[in-house]
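Structure assessment
One-letter residues, chain by chain:
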Amino acid sequence: MHKHIARIVLGVLTLMALSSTTFAGGYKNFKVAVYAPARDVNQMGDANWLETRWNEITRQVKVDKIYLETHRDSFVVDEQTIAKARKFFESRGIEVAGGITYTIAESNRFQTFCYTKPEQRAKAKEIAEYTARLFDEVILDDFFFTNCKCESCIKAKGNSSWSEFRVELMKGAAKNLVVGPAKAVNPKVKMVIKYPNWYEHFQGCGFDLEVEPKIFDGIYTGTETRDPVYRDQHLQQYESYLIYRYFENVKPGGNGGGWVDTFDIRYMDRYAEQLWLTMFAKAPEITLFSFGLILRPIPEELRADWHGTGTSFDFNEMMKPIKLADGTTVQPTTMARPAGYALEQVDRFLGKLGKPIGIKSYKPYHSTGEDFLHNYIGMCGIPMDLLPEFPAEANMVFLTESAKFDEAIVQKIKARLIAGKPVMITSGLLKALQGKGIEDIVELRIGDEKAVTKQFLRRRDLRGGNVYESKSEIVIPEIKYLTNDSWEDILCLAGSNGYPILHSADYANSRLYVLTIPDNYGDLYKYPAEVLNQIREVLTRDFYVRLDGPSQVALFVYDNDTFIVESFLPEPVDVKLVIDSRFSKLRDVVSNDELSGEALASQPRGGGPAAPEKTIFSVQLKPDSYRVFKCEQPVATAIR
Ligand SMILES: [Zn+2]
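Predicted model only: the values in this text are computed from it and were never measured.

Next up on the list: the sheet that holds strand 30 (residues 598–600). Taking strand neighbours across the sheet as the criterion, the four strands line up as 24-27-31-30 in an open arrangement whose pairing is antiparallel. Each edge of the open sheet is held by one strand with a lone partner, namely strand 24 (545–548) and strand 30. Ignoring which end each strand starts from, the neighbouring axes of this sheet average 35° apart.

Now the structure itself:
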């Protein structure tokens, strides 16, 4: 009887929760899921083993959902064990979904299935059917790709490129071995594909962002970026945000969440950053990988020198006893705690942020070129929004080399310029489009010649003779132009010579900008603040906020006058926030402090149109720390 009432009450509560758009679990703005790989799930048949560990996790981070994996590395969890685990979680009100990792041996250079061998195809299908029979939602972890180059695959490839062959092969596998068979055994099943963080190279191993997201019911995003320098992928921190937004643009409304693991970090802030950058992108769910990894002890060596100075992540704060719902307190023990600490922190303000906005940048499906460059641009304080379709209507468009994969790209650039809308392209795209029509817009030349530089000038202050220096030398490609046909807005000095850094050419009713990208994209961070400020001015001219300052400080802008500014530098940094003059105040959303700014008068130059007035706010950021602001207008005097 009591049980019956409890169930009804629970049902009503669930309905209320849904109607007020809060989540059933602990946090207001997102759900937290934990992914349990097959080897962990296999131990869950032991109720004591599971209960001890689950209690340990949920004392430190609030969890709404568990993914129970059925297969990884040729190992399959039996049905009875899964049934026991499922019962355990459901009795605690935890949402349960299935998971599959299509690997033969992860430790053998990520050995995936071979999708040309009949026996392995049959196995892949069988795993999908087995899992769909047990769950109404199934997610595929990172590995639904193929890197097999066995003789069977070489023969099947024929004259296609590996990318073409594998994209076609995996499209077929998605339909005929995974989604089709899963739906045949369980028509209700929701099939979700999680894509990893190496989006620039997907086609090489058969991931297909064009067709696959339509075959699957949902997609999911690997927002794990780990250490940007020492890890072999060298993924920049900004990607944890950008990739979620990109995949949201690939399948609007169909991107279920972000996914972060505990691997390859040198200080704990890096783990927390990955979690909160995913949330800054407004992901509705975050998956913590994995059940076993978040049970590992908190490593003391992940303390950073700057902890204790008021940074966003503070080791001692994180280690403080946690107050539980029943009033008791417990000491943090495992990696579940830094996750809980980071997520609690951002949950306090995420609801106040609107929809993320950024400079539209176009990356055609299956394209590559200037790999992952958008993340470096994001790290320079320029909000990026990556799209798989050409943003014809956007006020500003930024194009990197990957845009060359669209054969009509030059016509699309021209059409925008004729319509009065500017475009910025990189030196890499310029080089790729030489002889393919770009010279019809402006005659520039770029070859293999390089210049070495550390001195920069802006044309607008040439008379003042200001030279801005980078900390060390940078190697850049040399762009050559025809005098008085196009113009250097920013240039660099190399001996007694000089080359464009930001170049522009008028065409029809607007302007084409060319941005010189150093040979090593990481050298973008060496561009002096004054150089970056002018690049930001051009790109973000329509934004209500602009960053003024050095690189490795990112800006996250939302459509409701709120924004976040985050530093990835290891020392404190002073930046200026340049805000539309219709705002006179900035409010720190976390502390509720009010900041007042300084008005900047407009100074029309060279007879051009006057720039709108701006209000400037000076702000300091601690190492690896962020601040959240809302722009506020002057309070109007009420007239009655
Ligand atoms: Zn093969």
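The rest of the description comes next.
In this chain, phenylalanine 289 is followed by serine 290 through a cis amide linkage whose omega measures 5°. For serine 74, which is not a glycine, the phi torsion comes out positive at approximately 65°. The residue serine 74 is located in the loop between strand 2 (65–72) and strand 3 (75–76) in this model. At aspartate 264, a position not held by glycine, the phi torsion is positive, near 50°. In this fold, aspartate 264 is placed in the loop between strand 10 (255–261) and helix 10 (268–280).

With respect to topology, six strands assemble into an open sheet ordered 14-25-26-32-28-29, the strand pairing being antiparallel. Unpaired on one side and paired on the other, strand 14 (356–357) and strand 29 (594–596) mark the two borders of the sheet. Here strand 28 (residues 585–588) pairs with strand 32 (residues 626–632) via four bridges, running antiparallel. Counterpart to arginine 587 in the pairing with strand 32 is lysine 630. Contacts from helix 10 reach strand 14, strand 25 (553–558), strand 26 (562–567) and strand 32 within the one sheet, and its direction differs from that of strand 26 by about 155°.

Attention shifts here to the side chain of threonine 225. Examined against the element boundaries, threonine 225 turns out to sit in the loop between strand 9 (218–222) and helix 9 (239–250). On the accessibility criterion, threonine 225 (2% relative accessible area) is buried. Not counting residues up to four positions away in its chain, the partners in contact with threonine 225 are Leu235, Gln236, Gln237, Glu239, Ser240, Arg270 and Gln274.

Turning to the coordination of the zinc ion, a few remarks are in order. In this structure, Cys114 (SG), Cys148 (SG), Cys150 (SG) and Cys153 (SG) serve as the protein donors to the zinc ion, at separations of 2.3 Å. Around the zinc ion sit four donor atoms, and with donor-metal-donor angles ranging over 101 to 116° the site reads as tetrahedral. Sequence spacing among the residues donating to the zinc ion works out to C-x33-C-x1-C-x2-C.

Two elements in contact, helix 5 (residues 118–134) and helix 7 (residues 162–185), have axes separated by 8 Å at closest approach and are oriented at 35°. Every pair of crossing elements has a handedness; the one defined by helix 5 and helix 7 is right-handed. In contact with Arg121, Ala124, Lys125, Ala128, Glu129, Ala132 and Arg133 of helix 5, helix 7 contributes Leu169, Asn176, Leu177, Val178, Pro181, Ala182 and Val185. Its residues assigned to classes, the contact of helix 5 with helix 7 comprises nine nonpolar, one polar and four charged.

Bringing the nonpolar core into the picture now. Within the largest apolar cluster, 172 residues are counted, with the highest numbers of intra-cluster contacts made by Phe89, Tyr102, Phe144, Phe280, Phe291 and Phe563. Counting residues per element, this core draws most heavily on helix 7, which supplies nine residues. Discounting chain neighbours no more than four positions away, the residues touching phenylalanine 89 are Met44, Leu50, Trp54, Ile66, Leu68, Ile94 and Val96. Grouped together as the second largest cluster of nonpolar side chains are 25 residues, Leu417, Leu433, Val442 and Ile446 included.

Right, let's get into the pattern of salt bridges. In the structure shown here, the tally under the stated rule is 50 salt bridges. When the shortest N-O distance is used, the salt bridge between lysine 194 and aspartate 142 registers 2.6 Å. With a gap of 52 residues between them, lysine 194 in strand 8 (residues 190–195) and aspartate 142 in the loop between strand 7 (137–140) and helix 6 (151–157) connect regions that are remote in the sequence. Across the pair, aspartate 142 and lysine 194 agree in class, each one buried. Among the ionic pairs, glutamate 594 bridges to arginine 587, the shortest N-O distance being 3.0 Å. Take glutamate 594: its relative accessible area is 46%, and that puts it in the partly exposed class. Put simply, Glu69, Arg72, Glu106, Asp141, Asp142, Lys194, Glu224, Arg226 and Asp261 are held in one network by salt bridges that share partners.

Here the focus is empty space enclosed by the protein. In total, this model carries two cavities of 30 Å³ or more according to the counting rule given. Lining the largest cavity, in full, are Tyr199, Phe202, Gln203, Phe207, Leu209, Tyr246, Lys363, Pro364, Tyr365, His366 and Ser367. Taken together, the residues of the lining of the largest cavity break down into seven nonpolar, three polar and one charged. Within this model, the second largest cavity holds a volume of roughly 40 Å³. Around the second largest cavity, the lining residues are Ile377, Cys380, Ile382, Leu515, Leu524, Leu532 and Ile535. Per-class residue counts for the lining of the second largest cavity are seven nonpolar, no polar and no charged.

The rules behind these values
The residue count restarts for each chain, going from 1 along the sequence in the order it is written. Reporting in this predicted model follows two pLDDT cut-offs: at least 70 for local features of residues, and 80 or more for side-chain atom pairs to be given and counted; totals over whole chains, interfaces and linings ignore these cut-offs and use all residues. Excluding hydrogens and water, the side-chain values take into account all heavy atoms of the structure. Following DSSP output, two strands are said to pair if at least two bridges run between them. Helical segments are the DSSP runs of H or I of at least four residues, strand segments are the runs of E of at least two, and each set is numbered from the N terminus. Here the axes come from fitting lines to C-alpha atoms, over the contacting stretch only for helices, and the angles between their N-to-C directions go from 0 to 180 degrees. We call two residues contacting when some pair of their heavy atoms lies within 4.5 Å. Categorising residues by exposure relies on relative accessible area from a 1.4 Å probe, with only protein chains included: less than 20% of the type maximum marks a residue as buried, more than 50% marks it as exposed, and the intermediate range marks it as partly exposed. For Na, K and Ca the donor cut-off is 3.2 Å; for every other metal, N, O and S atoms count as donors within 2.8 Å. Water does not enter the count, which can leave sites looking incomplete. Think of it this way: with four donors and all angles in the 85 to 135 degree range, the site is tetrahedral; with four or six donors, opposite ones beyond 155 degrees and the rest between 65 and 115, it is square planar or octahedral; otherwise it is irregular. Left-handed is the label given to a crossing in which the near helix is rotated counterclockwise from the far helix by less than a right angle, and right-handed is the label when the rotation is clockwise. Residue polarity is assigned by list, with Asp, Glu, Lys and Arg as charged and Ala, Val, Leu, Ile, Met, Phe, Trp, Tyr, Cys and Pro as nonpolar; anything else, Gly included, falls into the polar class. Here, the term nonpolar core denotes a set of buried Ala, Val, Leu, Ile, Met, Phe, Trp, Tyr and Cys residues that are joined through side-chain atoms within 4.5 Å. By definition here, a salt bridge exists when the distance from a side-chain nitrogen of Lys or Arg to a carboxyl oxygen of Asp or Glu is within 4 Å. Only protein atoms enter the calculation, which uses a 1 Å grid: trapped sets of points that fit a 1.4 Å probe without letting it out are cavities, open sets showing protein on both sides within 12 Å along at least five of seven lines are pockets, and any residue with an atom within 4 Å of a point is a lining residue. Grid points are joined across faces, edges and corners, and a volume is the space filled by probe spheres set on the points.

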